[in-house]
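Inside the fold
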Amino acid sequence: MSKTLTVAISTIANNFNKFINEFNFIHLIEADEILVIVQGGSSISLPEDFDDRYKIIQDKFYGISRSRNCAINHSTSDYIWFLDDDITLNEKSISIIKDFLHGKSHEAFSLRMYSGPNLDPYKKYPKEGIVSKIKLISISSVEIIVSRKFVLNYNIFFNINLGLGTDYPSCEENVFLLDLYNYGGSLYHFPIFTHSHPKIERAIDFTKPGVLFAKGVFCSKFGGFLGFVLLLFWFIKSFYYSKDIKVSRYLIDGYRKSKLTLNF
């Protein structure tokens, strides 16, 4: 039996009209369910010509992790693909993904993105196959497809203290995937470019206190020798870009306060 796929798109009320006018919905024709999670605002509805596969979910609060969790709670499909409102889908993305899912039984999958007018790879991606635990740090949330049944069975959700819309706007997807791994799940990289996303300069993240704190939280949760080595590597990288030891120390703060942050 074919696996069903929910596409869950996160947006905010102030950007809703732009999203409706610019998103290439035509490429969602093969999706089994489309959830549009709108944060902020009130009394928002989808255009009348959208079919019954579309469901709008409104949340008066903000935060990308809250939005992803809404998708998990409201989806009815076998798998969920998390997207944002600034994604551009390839024409055959959904059908390719569903064909691929048919013969696989992993708990999560990662995909590839383009960026820029020349459709360059968004980043350096791993080879096809199981993604190692340490390489979770390279996965973005809009590259993730997860098994709804698995994450609900083990109560795996995005931590609402991390991610855009919080004081610590980073690493929510990495902590989420760590939880998936810790419960015995696996992440399989599917080496197909399925969508494009505006390029974000990541170097500047290493000068932002909130982002660095989140990275420290992730290093602590990762744990062990590798978690500590990653912390040192990011500390050096942060100091290289920021030239300010006080900024880089936010990594240490996040590392020390990880349990408090994740459990609050």
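Residues numbered from 1 in each chain as written. Predicted model: local features only at pLDDT ≥ 70, side-chain atom pairs only at ≥ 80, totals over all residues. Heavy atoms only, no water.

**What about the environment of Arg68?**
Along the chain, Arg68 falls in helix α2 (residues 64-74). Residue classification places Arg68 among the buried positions, given a relative accessible area of 2%. Taking the C-alpha atoms as reference points, Arg68 and Gly216, separated by 148 residues in sequence, lie 22 Å from one another. Not counting the four nearest positions on each side in its chain, Arg68 is found in contact with Ser10, Phe82, Leu83, Asp84, Ser141, Val142 and Phe158. (Helix = DSSP H or I, 4+ residues; strand = E, 2+ residues; numbered from the N terminus. Buried < 20%, exposed > 50% of the residue type's maximum accessible area, 1.4 Å probe, protein only. Contact = heavy atoms within 4.5 Å.)

**Quick word on the packing of helix α5 (residues 172-182) against helix α6 (residues 209-222)**
It is the contact of α5 with α6, at a shortest axis distance of 10 Å, that shows an interaxial angle of 10°. By the angle between their directions, the pair α5 and α6 is classed as roughly parallel. Between α5, through Asn174, Val175, Leu178 and Asp179, and α6, the contact on the second element is made entirely by Phe218, Lys221 and Phe222. Looking at the contact of α5 with α6, its residues break down into four nonpolar, one polar and two charged. (Axes fitted to C-alpha atoms, helices over the stretch in contact; angles between N-to-C directions. Parallel < 35°, antiparallel > 145°, perpendicular 65-115°, else oblique. Nonpolar A, V, L, I, M, F, W, Y, C, P; charged D, E, K, R; others polar.)

**Considerations on the side chain of Asn69**
Considering the arrangement of structural elements, one finds Asn69 in helix α2. A relative accessible area of 10% places Asn69 in the buried class. Setting aside residues up to four positions removed in sequence, Asn69 forms contacts with Phe157, Phe158 and Ile160.

**With respect to the side chain of Glu173**
Assignment of secondary structure puts Glu173 in helix α5. One buried charge, Glu173, has no salt-bridge partner; the nearest side chain with opposite charge is Arg202, at 6.3 Å. When near neighbours in sequence (up to four residues on either side) are disregarded, Glu173 contacts Ile139, Ser140, Ser141, Ile144 and Phe158. (Lys, Arg positive; Asp, Glu negative; His and termini not counted. Salt bridge = Lys/Arg side-chain N within 4 Å of Asp/Glu carboxyl O.)

**Considering the packing of aromatic side chains**
For the structure shown, the criterion picks out 25 aromatic pairs. An angle of 50° between the planes, with centres 5.0 Å apart, marks the rings of Phe23 and Phe25 as tilted. Ring centres 5.0 Å apart and planes at 65° place the aromatic pair Phe25 and Phe50 in the edge-to-face group. You can see Phe25 sitting in the loop between α1 (16-22) and β2 (33-39) and its partner Phe50 sitting in the loop between β2 and β3 (54-59), a full 25 residues away along the chain. You can call Phe25 buried: its relative accessible area is 12%. (Phe/Tyr/Trp six-rings, centres within 6.5 Å; stacked < 30°, edge-to-face > 60°.)

**Focus: unusual backbone geometry**
Outside of glycine, negative phi angles account for most residues, and trans bonds account for most peptide bonds. If you check the backbone angles, Leu119 has positive phi at about 55° while not being a glycine. For Lys243, which is not glycine, the phi torsion reads 55° and is therefore positive.

**So, the environment of Leu101**
Position of Leu101 relative to the elements: it lies in helix α3 (residues 93-102). The spatial distance from the C-alpha of Leu101 to the C-alpha of Ser2 is 7.9 Å, given a sequence separation of 99 residues. When residues no more than four places from it in sequence are discounted, the contact partners of Leu101 are Lys3, Leu5, Tyr79 and Phe109.

**Description of the pairing of strand β10 (residues 187-196)**
Burial analysis of β10 places seven of its ten residues in the buried class, which makes it a mostly covered element. Looking at chain direction, strand β5 (residues 88-89) and β10 are connected through two bridges and run antiparallel. Bridge pairing in β10 links Thr88 to Ser196. By the bridge criterion, two bridges tie strand β8 (residues 129-130) to β10 in an arrangement that is antiparallel. Note that in β10 the partner of Ile130 across the bridge is Tyr188. (Pairing = 2+ DSSP bridges.)

Bear in mind that shape data such as this cannot, by itself, settle questions of function.
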